[in-house]
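Secondary and tertiary structure notes
For reference, the chains in residue letters:
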Amino acid sequence: MREKIQEVIVVEGRDDTTRLQEVYDVDTIETNGSAVSKQTIERIKRAQETRGVIILTDPDYPGDRIRAVVEEQVKGCKHAYLPRAEAKDKRGKIGVEHASPATIRRVLEAVYEQRVETDMPLVTRQMVLEADLIGGADAARRRKRLGVLLRIGEPNAKQFVKRVEALRVTIEEWERALAQLEEENH
């Protein structure tokens, strides 16, 4: 018997739902593209009020856009991010439907909640700059790997700063991920 997930998971389409239901007993809301309709937003709001919502979109521009639209209109959603390399098929197409069951399990066991208030010190834009993640020859590779380690996806520089701030990455989480990144580089 498959494990039941309490929250409703927001995905892009039917194939994503099919893949998730192979792994979990789960309910989804499909956005059916990046132009998320008012009716879909209302369904997501209702799900958030009654069960909670996890957003799991493709690790690409349209997926990021859907995530941003939902996040802006439905407060308090949880986030699960697929690493791009683990969401590709043999032809290089990217999507939730191409992720392995093990990857699906791993990312859904490590969802991020937007932290509203915390006494813990948080990562700042200045810390991102000091970690050589913006500009420079190796910044994109380092940022991509650190995004995977922090479970915030693989965003560009501007989105990286926004996600670190929005998801309230703590200094402890930051330092642990940076240490792992440095260890991997040696």
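In this text, all values refer to a predicted model and were calculated from it rather than measured experimentally.

Cut-off values and rules
Residues numbered from 1 in each chain as written. Predicted model: local features only at pLDDT ≥ 70, side-chain atom pairs only at ≥ 80, totals over all residues. Heavy atoms only, no water. Helix = DSSP H or I, 4+ residues; strand = E, 2+ residues; numbered from the N terminus. Rg over C-alpha atoms; globule rule 2.2 N^0.38 Å. Buried < 20%, exposed > 50% of the residue type's maximum accessible area, 1.4 Å probe, protein only. Areas by Shrake-Rupley, 256 points an atom, 1.4 Å probe, with all protein chains shown as cover. Lys, Arg positive; Asp, Glu negative; His and termini not counted. Charge placed at Lys NZ, Arg CZ, Asp CG, Glu CD. UniProt positions renumbered as here; feature names shortened; annotations may be inferred. Contact = heavy atoms within 4.5 Å. Phe/Tyr/Trp six-rings, centres within 6.5 Å; stacked < 30°, edge-to-face > 60°. Lys NZ or Arg CZ within 6 Å of the ring centre and 35° of its normal. Arc of directions from axis to C-beta. Salt bridge = Lys/Arg side-chain N within 4 Å of Asp/Glu carboxyl O. Polar contact = N/O pair within 3.5 Å; in protein donor to acceptor, adjacent residues only side chain to side chain.

Turning our eyes to something else, we now look at the overall build of the protein chain. Secondary structure summary: the protein chain contains 8 helices and 5 strands in total. Relative to its length of 186 residues, the protein chain is compact, with a C-alpha radius of gyration of 16 Å against a globular reference of 16 Å. C-alpha atoms of the protein chain, sized along the principal axes, occupy 45 × 40 × 35 Å. Within the protein chain, the proportion of its 186 residues that are buried is 45%. Summing over all exposed atoms, the protein chain offers an accessible surface of approximately 10300 Å²; the carbon and sulfur share of this is 47%. Both charge centroids of the protein chain, one from 33 positive and one from 34 negative side chains, sit 4 Å from each other.

A few words on the UniProt feature "coiled-coil region" (unreviewed entry) in the protein chain. As annotated in UniProt, the feature "coiled-coil region" (unreviewed entry) corresponds to residues 157-184 in the numbering used here. End C-alpha atoms of residues 157-184 are separated by 21 Å, and the span's content is 86% helix alongside 0% strand.

Within this structure's numbering, the places UniProt gives as "domain: Toprim" (unreviewed entry) are residues 6-89. Secondary structure across residues 6-89 divides into 43% helix and 14% strand, with the first and last C-alpha atoms of the span separated by 29 Å.

Turning our attention to the environment of A131. With respect to the helices, strands and loops of the structure, A131 is situated in the loop between α5 (125-130) and α6 (139-150). What makes A131 buried here is its relative accessible area of 7%. Along the backbone, A131 and R143 are 12 residues apart, and their C-alpha atoms lie at a distance of 9.2 Å. Sequence-distant contacts of A131, defined by excluding residues within four places in its chain, comprise R142, W174 and L178.

Below, the discussion takes up the environment of R46. As for its placement among the helices and strands, R46 is situated in helix α2 (residues 38-50). Taking relative accessible area as the criterion, R46 reaches 53% and is therefore assigned exposed. It is 9.5 Å that separates the C-alpha atoms of R46 and V74, two residues lying 28 residues apart in sequence.

Bringing the packing of aromatic side chains into the picture now. Overall, the coordinates contain 1 aromatic pair when judged by the stated rule. Note that R67 overlies the ring of Y81, its terminal NZ or CZ placed 4.0 Å from the centroid.

This part covers helix α7 (residues 157-166). Taken as a whole, α7 has its buried residues at F160, V161, R163 and V164. Along α7, the residues classed as buried sweep out an arc of 165 degrees about the axis, all on the same side. On the buried face of α7, the contacting elements are α3 (61-73), α5, α6 and α8 (171-184).

What follows is about the pattern of salt bridges. Evaluation of the coordinates by the stated rule reveals 14 salt bridges. A salt bridge links R176 to E172; its shortest N-O distance comes to 3.3 Å. Residue R176 and its partner E172 are both found in helix α8; the two are separated by 4 residues, about one turn of the helix. Where salt bridges share partners, they join K4, D25, D27 and R51 into one cluster.

Looking now at the side chain of H79. Note that H79 resides in strand β4 (residues 78-79). A polar contact is formed between the side chain of H79 and the side chain of R67, at a distance of 3.0 Å. In this structure the side chain of H79 is engaged in a polar contact, spanning 2.9 Å, whose partner is the side chain of E71.

Right, let's get into the environment of E7. Here E7 shows up in the segment before β1 (8-11). Since its relative accessible area comes to 15%, E7 is described here as buried. Look past the residues within four positions of E7 in its chain and what remains in contact with it is V26, D27, R51, G52, V53, I54 and K78.

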